[in-house]
Amino acid sequence: MSTSAKQFTIHEDWTVVILGFLIIGISLFIFLPEVPVFGWSGTSDLTTKVFSPENLKVLLIQFLYLISIGGIGAFLIGKSVKYFLFTFPIVYLLTLIALILAGNSAIKSINLEAVIFSLIIGLAIGNFFKLPEWFRSALSTEVFVKIGLVLLGTSVIFSDILKAGSLGLIQALIVVLSVWYFAFWLCRKLKVDDELTMMISSAVSICGVSAAIATSGAIKGDSKKLSYVISIILVTAIPMMIFMPIIAKYFHFPEEVTGAWLGGSIDTSGAVVASGTLVGETALKISTIVKFSQNVLLGLAAFAISVYWTYTHNKSSEVVASKPTLKVIWERFPKFVIGFIAASLIFSFLIVPEIRDEVKDSLKNLQGIWFALAFTSIGLETNFKDLFSNSSKKPLYAFLIAQFFNIIITLLIAFLLFGN
């Protein structure tokens, strides 16, 4: 890298905070990107809706918007802007294919999210074709993920959670603490490595994919391990989403209890909404509130994990696990969490509801597209064999056992808090 390029380099986490708030600022004051249409039932819908001239124009504007933001990010963190401009159109096109597949009415009816297809498409291409090293190095997975997390903060509105009372927050706190420590203890017993232990514990206990990503950022984890955990989350969310409502109806659980159970157990927000819808309006409301309550804890959890990781993995040439200074803690703290919390606070207390309602769909769409781009990139840079190697069995067992514990303990707490 040249000297002139170095002087512009900014830490990646600060870069995503800048980019996240640039997007928020543009949406609030300058330009509100339209939400593209991806929903379709048959080939006629593809022609008249998804591939209509109007929608193609929206997609073109979205592409130019995203590549501009991503190009700024590549420049700020010191990556090759030229390689990014070569790589991004391919990643975007693959992601569009995933979004269109997920937009099919049959797929939507079982709530298979676009990120699943993004990951599968990326894995297929990344493992069946030999990608140039410059292509892999130009992928901006972490940047895409963290921008999505900053934008996620705009949807975590404290007033929405408090409207349902304190029970959702109480359940979220109890579930997160108990399940996290059980998963952590279990991973240690099974001798799962430290990075996977932290990601699995957070993913099972807090909010699935977002928690795994935030934890990976807090500990600066290996992207292959993150991809492995995300793959498990997405695969296990599907049967949970389908069978938990069936179990609740079979045993005649009250809707309030069922909603709290679904919201506290199922890892992805989309799957929570889908499963709540299968039960009823009350269950949908409670499940969403509980899931939002867990999302609120994401920033605090990432901070606590980064401090813990710094204390337990701070090594010098003379002292192992020496006590780190506040400076070391600050250096290792995931700065994008500040963006997540700041966005949540601003949209909770400073943005009036009318404006919030006006921009929420566009910001949610942008959040989703950044996540989908990240999952495509994760697939492209991941070796498929690593996900199913013999060494991966213990983490898989740990995740499944911890998830079963999560289901049981959350149901008990849901009955205690919402059963009356």
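Residues numbered from 1 in each chain as written. Predicted model: local features only at pLDDT ≥ 70, side-chain atom pairs only at ≥ 80, totals over all residues. Heavy atoms only, no water.

(A) Inspection of the overall build of the protein at higher detail. Each helix and strand in the protein was counted, giving 22 helices and zero strands. Here the protein, with 420 residues, has 54% of them falling under the buried criterion. Counted over contacts in the protein with a minimum sequence separation of 6, partners at least 24 positions apart contribute 79%. When the accessible surface of the protein is summed, it comes to about 19,100 Å², and 69% of that surface belongs to carbon and sulfur atoms. (Helix = DSSP H or I, 4+ residues; strand = E, 2+ residues; numbered from the N terminus. Buried < 20%, exposed > 50% of the residue type's maximum accessible area, 1.4 Å probe, protein only. Contact = heavy atoms within 4.5 Å. Areas by Shrake-Rupley, 256 points an atom, 1.4 Å probe, with all protein chains shown as cover.)

(B) Molecular detail of the side chain of T154. If you trace the backbone, T154 turns up in the loop between helix 9 (141-152) and helix 10 (158-163). Leave out the neighbours within four places in its chain, and T154 touches I24, A343, F347 and L363.

(C) Just the confidence of the model for the protein, in detail. Averaged over the protein, the pLDDT score is 83; the fraction of residues at 70 or greater is 87%. Mean pLDDT in the protein bottoms out at helix 1 (residues 3-6), which sits at 42, and peaks at helix 4 (residues 53-77), which reaches 96. In the predicted structure, residues 1-6 sits below a pLDDT of 50 and forms three contacts with residues beyond four places in sequence or in another chain. Low pLDDT, under 50, characterises residues 316-322; the stretch is placed with 10 contacts to residues that sit more than four places away or in other chains. (pLDDT = per-residue confidence, 0-100.)

(D) Main features of the environment of R188. Note on placement: R188 falls in helix 11 (residues 167-189). Put simply, R188 and A398 are 210 residues apart on the chain and 9.4 Å apart in space, counted from C-alpha to C-alpha. Contacts of R188, omitting those with residues within four sequence positions, involve D194 and Y308.

(E) Here's a closer look at the packing of helix 5 (residues 81-102) against helix 7 (residues 114-128). Running from amino to carboxyl end, helix 5 crosses helix 7 at an angle of 135°, the nearest separation of the two axes being 8 Å. One element, helix 5, and the other, helix 7, form an angle in the oblique class. In this structure, helix 5 meets helix 7 at a crossing whose hand is right-handed. On the side of helix 5, the interface is formed by L94, T95, I97, A98, L99, L101 and A102, while helix 7 contributes A114, F117, S118, I121 and I125. Across the contact of helix 5 with helix 7, the residue classes break down as 10 nonpolar, two polar and no charged. (Axes fitted to C-alpha atoms, helices over the stretch in contact; angles between N-to-C directions. Parallel < 35°, antiparallel > 145°, perpendicular 65-115°, else oblique. Left-handed = near helix turned anticlockwise from the far one by under 90°. Nonpolar A, V, L, I, M, F, W, Y, C, P; charged D, E, K, R; others polar.)

(F) Geometry of the packing of aromatic side chains. Evaluated as defined, the whole model comprises 19 aromatic pairs. For the pair F88 and Y92, a centre-to-centre distance of 6.0 Å together with 25° between the ring planes defines the contact as stacked. Remark: Y92 and F88 occur in helix 5; sequence separation between them is four residues, near one turn of the helix. Seen from their ring centres, F251 and F253 are 6.1 Å apart, and the 20° between their planes marks the pair as stacked. On the accessibility criterion, F251 (52% relative accessible area) is exposed. Linked through ring pairs, F63, F84, F88, Y92, F144 and W370 together constitute an aromatic cluster. (Phe/Tyr/Trp six-rings, centres within 6.5 Å; stacked < 30°, edge-to-face > 60°.)

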